[in-house]
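Descriptive structure summary
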Amino acid sequence: MDLLISFLLAILPILVIFVGLVLLKRSGTLMGFVGWVLTVIIAVLFFSTSPAIALLATANGILASFGISLMVLFTILQVTMMDVTGAITSITEYIRLVAAERYEQVMLLNVGFGSFLVSIGATPVTMLPPIMLALGFSPVAAVALPCLGYDPLTSFSLLAVPITLPAQVFNLDLAALGSQISLFLPVISTGFAFGMLYIADGWNGVRKGLVPGLVAGLTLGLSAILFVRILPVSAIGLVGVFSGLVAIAVMLLFRIIQGKPIVAKRADMPADVMPIGRAALPWLLLVFFCIAISIPMISTGLYGLLGPLQKIPIVADKAIDLKLLNQAYTWVLVSTLIAAPFMVRGRDEARKIVGTWLRRAWAPTLAAAIFFAIAYVMDWSGQTVIGGALTFAAGTADINMNAVIGLTLAMIFGVAFPAVSPLLGLFGAFVSGSEASSNVMFHGILKRATGVLDLDFLKVYSAHAVAGGIASGIAPAKIINAAAVIDQLGIEGEVIRRCAPIAIVLTLVTGGMLVLFLAL
């Protein structure tokens with residue numbers, strides 16, 4: 001089959017999903033299902049994939065999605081409990097005590113606090129939208145801003161899983177990979193800061209928030225460079241945690257230098273506001289648990305409690321190790337259950353919480369799982385079981401949907417491949433909703449393409465990872481999650497339309513930086 005035709009077939013499901021979401025304004029769950037059906041059909045009919053392998057890839061994708069899909073399920077439960085009990089309203093009132101203009105709120109909450117949350121394994125796309133909405137931002141901005149805020153340090157999110165996972169699987173130098181990724185971040189983080197200001201208030205917002213945006217973005221990026229170099233490689237998961245906290249501290253210090261107050265004077269604090277400790281109890285517990293499970297001794301002990309029982313065989317040599325007690329989503333649920341007796345006022349309120357949770361959560365949870373399934377069907381396409389391993393038969397390695405996309409781009413762009421190669425990271429994370437999945441799936445493609453073109457693989461792979469993080473701002477799975485939390489499912493297409501230009505521009509900037517780094 002002609003390579004161009006194969007390329008068009010391989011990319012067709014993604015184009016259909018994008019058109020459905022952005023132009024036809026269909027739900028992410030519906031388009032995810034349509035995209036999955038189309039991916040399976042194309043894999044089976046045109047990429048020598050047996051129906052059994054396609055279905056097993058789907059099962060593998062669903063299980064692999066738990067880090068996102070179950071995080072969504074349980075975080076929506078937590079946020080719903082906090083919403084119904086009035087905790088979100090109370091936290092918003094306390095946030096208003098921080099003397100900050102609207103553009104500074106965007107920076108503090110989404111650049112600083114958002115980076116901190118995502119780094120410890122919490123999910124700003126489901127935690128921050130209710131607060132942004134309560135602060136007076138539009139539903140589209142309330143969804144878009146946390147999604148964009150997820151992006152700058154995505155490679156160091158979930159205690160750096162997006163880069164530690166491929167480093168373990170492919171035996172990469174984790175310290176060198178983290179260091180190379182960090183070099184992109186001052187520019188990319190600053191770009192995101194300006195992008196958030198534009199989403200919030202257009203060019204007027206960028207003009208007003210120009211200096212705070214510059215301070216926030218550069219602080220976040222430069223802090224990442226610093227902490228990657230001074231922390232031991234075993235503690236690389238804390239790079240984002242410390243960088244987010246430093247960004248918050250510097251932004252508050254900047255107000256002090258300007259002679260502005262940090263605490264606003266207010267006489268209208270509502271009488272029924274919860275004490276901040278009780279209102280934020282689920283989040284305080286979650287932060288404590290996420291830091292605790294990052295400690296190697298505790299992490300190893302927790303894994304040993306269930307051991308091999310949590311390793312699910314899929315096919316041949318493929319298996320999923322769920323690591324249930326080491327996952328942030330487990331501790332989201334635990335922190336919610338522990339906090340519930342201190343927050344829920346009676347059975348009627350409990351029933352309302354559960355009913356609202358189930359109504360909000362099923363669609364985004366299913367969507368996250370479906371997008372992972374699509375990613376794995378594409379990744380496993382063309383493979384078969386040989387000698388007890390899932391692999392390609394001799395001479396068939398090119399009959400793979402991801403390989404076709406990567407090789408076609410390499411052939412089309414040739415020596416210009418580095419400038420456009422980050423688009424693969426954007427593409428992969430858009431499909432799966434996860435930089436980690438994109439980094440794993442495209443490792444082989446980039447390894448081959450850089451070998452053919454005689455390029456520094458680690459630099460190209462680092463740019464790919466950065467672009468995968470950029471894709472979080474337009475990843476349907478994350479946008480659906482954020483919209484569901486504030487009961488605004490249906491605005492996903494509008495959010496993607498607003499965020500896509502920012503993501504594409506920053507991806508092209510990443511490509512330009514890669515070309516510069518390769519030339520040095």
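Residues numbered from 1 in each chain as written. Predicted model: local features only at pLDDT ≥ 70, side-chain atom pairs only at ≥ 80, totals over all residues. Heavy atoms only, no water.

A look at the overall build of the protein
Of regular secondary structure, the protein possesses 27 helices and four strands. The globule rule puts the C-alpha radius of gyration for 520 residues at 24 Å, and the 22 Å found for the protein is close to it. With the C-alpha coordinates aligned to their principal axes, the bounding extent of the protein is approximately 75 × 55 × 50 Å. As displayed, the protein has an accessible area near 19,900 Å², and 71% of this comes from carbon and sulfur atoms. Across the protein, 27 positive and 22 negative side-chain charges occur, with their mean positions spaced 6 Å apart. (Helix = DSSP H or I, 4+ residues; strand = E, 2+ residues; numbered from the N terminus. Rg over C-alpha atoms; globule rule 2.2 N^0.38 Å. Areas by Shrake-Rupley, 256 points an atom, 1.4 Å probe, with all protein chains shown as cover. Lys, Arg positive; Asp, Glu negative; His and termini not counted. Charge placed at Lys NZ, Arg CZ, Asp CG, Glu CD.)

What about the packing of helix α4 (residues 66-84) against helix α19 (residues 347-380)?
Across the interface, α4 lies against α19 with an axial gap of 8 Å and an inter-helix angle of 155°. Taken as axis vectors, α4 and α19 run roughly antiparallel relative to one another. In this structure, α4 meets α19 at a crossing whose hand is right-handed. Counting all contacts with α4, which are made through Ile 68, Ser 69, Val 72, Leu 73, Ile 76, Leu 77, Thr 80, Met 81, Asp 83 and Val 84, the residues of α19 involved are Glu 349, Lys 352, Ile 353, Thr 356, Trp 357, Arg 360, Ala 361, Pro 364, Thr 365, Ala 368, Ala 369 and Phe 372. The residue inventory of the contact of α4 with α19, partitioned by class, reads 14 nonpolar, four polar and four charged. (Axes fitted to C-alpha atoms, helices over the stretch in contact; angles between N-to-C directions. Parallel < 35°, antiparallel > 145°, perpendicular 65-115°, else oblique. Left-handed = near helix turned anticlockwise from the far one by under 90°. Contact = heavy atoms within 4.5 Å. Nonpolar A, V, L, I, M, F, W, Y, C, P; charged D, E, K, R; others polar.)

Side note on the nonpolar core
In this structure, Met 107, Ile 131, Val 143, Leu 145 and Phe 156 are the most contacted members of the largest nonpolar core, which totals 173 residues. It is α19 that provides the largest number of residues to this core, a total of 15 residues. Those residues in contact with Met 107 that sit more than four places away from it in its chain are Gly 112, Ala 193, Met 196, Leu 197, Pro 212, Gly 213, Ala 216 and Met 251. (Core = buried A, V, L, I, M, F, W, Y, C linked by side-chain atoms within 4.5 Å. Buried < 20%, exposed > 50% of the residue type's maximum accessible area, 1.4 Å probe, protein only.)

A closer look at the packing of helix α11 (residues 174-182) against helix α25 (residues 457-470)
At a closest axis distance of 9 Å, the pairing of α11 and α25 adopts a crossing angle of 60°. Of the possible angle classes, the one that applies to α11 and α25 is oblique. In terms of crossing hand, the pair formed by α11 and α25 is right-handed. Where α11 abuts α25, its residues Ala 176, Leu 177, Gln 180 and Ile 181 lie against Leu 458, Lys 459, Tyr 461, Ser 462, Ala 465 and Val 466. Its residues assigned to classes, the contact of α11 with α25 shows seven nonpolar, two polar and one charged.

Remarks on the environment of Val 509
By the secondary structure assignment, Val 509 is in helix α27 (residues 492-519). The spatial distance from the C-alpha of Val 509 to the C-alpha of Phe 254 is 28 Å, given a sequence separation of 255 residues. Not counting residues within four places of it along the chain, the set of residues in contact with Val 509 comprises Val 187 and Ile 188.

Re the environment of Ala 43
Within the secondary structure layout, Ala 43 lies in helix α2 (residues 28-46). Using a relative accessible area of 0% as the deciding quantity, one classes Ala 43 as buried. Taking the C-alpha atoms as reference, Ala 43 lies 7.5 Å from Met 401; in sequence the two are 358 residues apart. Ala 43 has contacts with Ser 48, Thr 49, Val 377, Ser 381 and Met 401, leaving out every residue within four places of it along the chain.

What about the side chain of Ser 381?
Turning to its location among the elements, Ser 381 is positioned in the loop between α19 and β3 (384-386). Look at Ser 381 and you get buried, because its relative accessible area is 0%.

Looking at unusual backbone geometry
You will see that Ser 48, though not glycine, has its phi angle at about 50°, which is positive. Here Ser 48 shows up in the loop between α2 and α3 (51-64). Exposure remark for Ser 48: the relative accessible area of 52% places this residue in the exposed category. Here Asp 487, not a glycine, exhibits a phi torsion of approximately 60°, which is positive. With respect to the helices, strands and loops of the structure, Asp 487 is situated in the loop between α26 (476-485) and α27.

Comments concerning the packing of aromatic side chains
Under the definition given, this model contains eight aromatic pairs. Summarising the aromatic geometry, the rings of Phe 457 and Tyr 461 are spaced 5.1 Å apart at their centres and angled 20° between planes, so their arrangement reads as stacked. Of the two residues, Phe 457 and Tyr 461 are both situated in helix α25; the distance of four residues between them amounts to about one turn of the helix. Looking at Phe 457, the relative accessible area reads 10%, which means it is buried. Members of the aromatic cluster, each reached through a chain of ring pairs, are Phe 288, Phe 289 and Trp 331. Between Lys 447 and the ring centre of Phe 457, over which it is positioned, the NZ or CZ distance is 4.6 Å. (Phe/Tyr/Trp six-rings, centres within 6.5 Å; stacked < 30°, edge-to-face > 60°. Lys NZ or Arg CZ within 6 Å of the ring centre and 35° of its normal.)

Concerning the pattern of salt bridges
Applying the stated rule across the entire model yields six salt bridges. Arg 345 is the salt-bridge partner of Glu 349, the closest N and O atoms lying 2.8 Å from each other. Residue Asp 348 pairs with Arg 351 through a salt bridge whose shortest N-O separation is 2.5 Å. Of this pair, Asp 348 and Arg 351 both sit in helix α19, separated by three residues, roughly a single helical turn. Relative accessible area serves as the criterion here: at 58%, Asp 348 is assigned to the exposed category. In this structure Arg 351 comes out as exposed when scored by relative accessible area, which is 54%. (Salt bridge = Lys/Arg side-chain N within 4 Å of Asp/Glu carboxyl O.)

Side note on a nonpolar patch on the surface
A contiguous nonpolar surface patch, about 600 Å² in accessible area, is contributed by Leu 30, Phe 33, Val 34, Val 37, Ile 41, Leu 45 and Phe 46. Mapped onto the elements of the fold, Phe 33 is located in helix α2. (Patch = residues over 30% accessible without salt bridge, like charges linked within 9 Å, V, L, I, M, F, W, Y side chains within 5 Å.)

Comments concerning the pairing of strand β1 (residues 311-315)
In summary, the side chains of a regular strand alternate between the two faces of the sheet. Where β1 meets strand β2 (residues 318-321), four bridges bridge the pair, whose relative direction is antiparallel. Bridge pairing links Lys 311 to Asp 321 in β2. (Pairing = 2+ DSSP bridges.)

Quick look at the state of the cysteines
What the rule picks out here adds up to zero disulfides. This cysteine, Cys 147, is not joined by any disulfide, and Cys 499 carries the nearest cysteine sulfur, 6.7 Å off. Residue classification places Cys 499 among the buried positions, given a relative accessible area of 0%. (Disulfide = S-S within 2.5 Å.)

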